[in-house]
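What follows is the residue order along each chain.
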Amino acid sequence: MSKLPRISGRECVKALEERGFYFKRQEGSHIIMRQNNPFRQVVVPDHKELDRGTLRAIIRQSGISLDEFIKLL
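Residues numbered from 1 in each chain as written. Predicted model: local features only at pLDDT ≥ 70, side-chain atom pairs only at ≥ 80, totals over all residues. Heavy atoms only, no water.

Colleague: How should I be thinking about the nonpolar core in this particular structure?
Modeller: Within the largest apolar cluster, 19 residues are counted, with the highest numbers of intra-cluster contacts made by Cys12, Leu16, Met33, Val44, Leu55, Ile58 and Phe69. Elements represented by at least two residues in this core include exactly α1 (9–18), β2 (30–35), β3 (40–45), α2 (52–62) and α3 (66–72). Among the elements that take part in this core, α1 stands out by supplying four residues, more than any other. Apart from the residues lying within four places of it in its own chain, the contact partners of Leu16 are Phe21, Met33, Val42, Val44, Ile58, Ser62 and Ile64. (Core = buried A, V, L, I, M, F, W, Y, C linked by side-chain atoms within 4.5 Å. Buried < 20%, exposed > 50% of the residue type's maximum accessible area, 1.4 Å probe, protein only. Helix = DSSP H or I, 4+ residues; strand = E, 2+ residues; numbered from the N terminus. Contact = heavy atoms within 4.5 Å.)

Colleague: Please explain the pairing of β3 as it appears in this structure.
Modeller: Consecutive side chains of a regular strand alternate in pointing toward one face of the sheet and then the other. Relative to β3, β2 is paired through six bridges, and the arrangement is antiparallel. Within β3, the residue paired with His30 across the bridge is Pro45. Where β2 folds back on β3, the antiparallel hairpin that results is connected by four residues. (Pairing = 2+ DSSP bridges.)

Colleague: What am I meant to see in the sheet that holds strand β1 (residues 22–27) here?
Modeller: Backbone hydrogen bonds are what pair the strands of a sheet, in a parallel or an antiparallel way. Spatially, three strands are ordered β1-β2-β3 in an open sheet, and the strand pairing comes out antiparallel. This sheet does not close on itself; its edge strands, each paired only once, are β1 and β3. In this sheet, adjacent strand axes meet at a mean angle of 25° when their direction is disregarded. Sheet strands touched by α1: β2 and β3. Its angle to β3, the strand with the most contacts, is close to 160°. (Axes fitted to C-alpha atoms, helices over the stretch in contact; angles between N-to-C directions.)

As structure tokens, this is what we get:
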């Protein structure tokens, strides 16, 4: 298992977009990303650096493995 990278919210959004997610809306500093098939919705904080626990939760909710997510970066 790979170590979690330290990335920003924008970098996370770009990786999710490569996996088929799209920008739905933004509320304050939270970007809502959505995937239609299968339906998934993920909230990504627009911070300079995401906490490891937050990033791990985003990866889990998106249905992507950690290794695959790192390749998308």
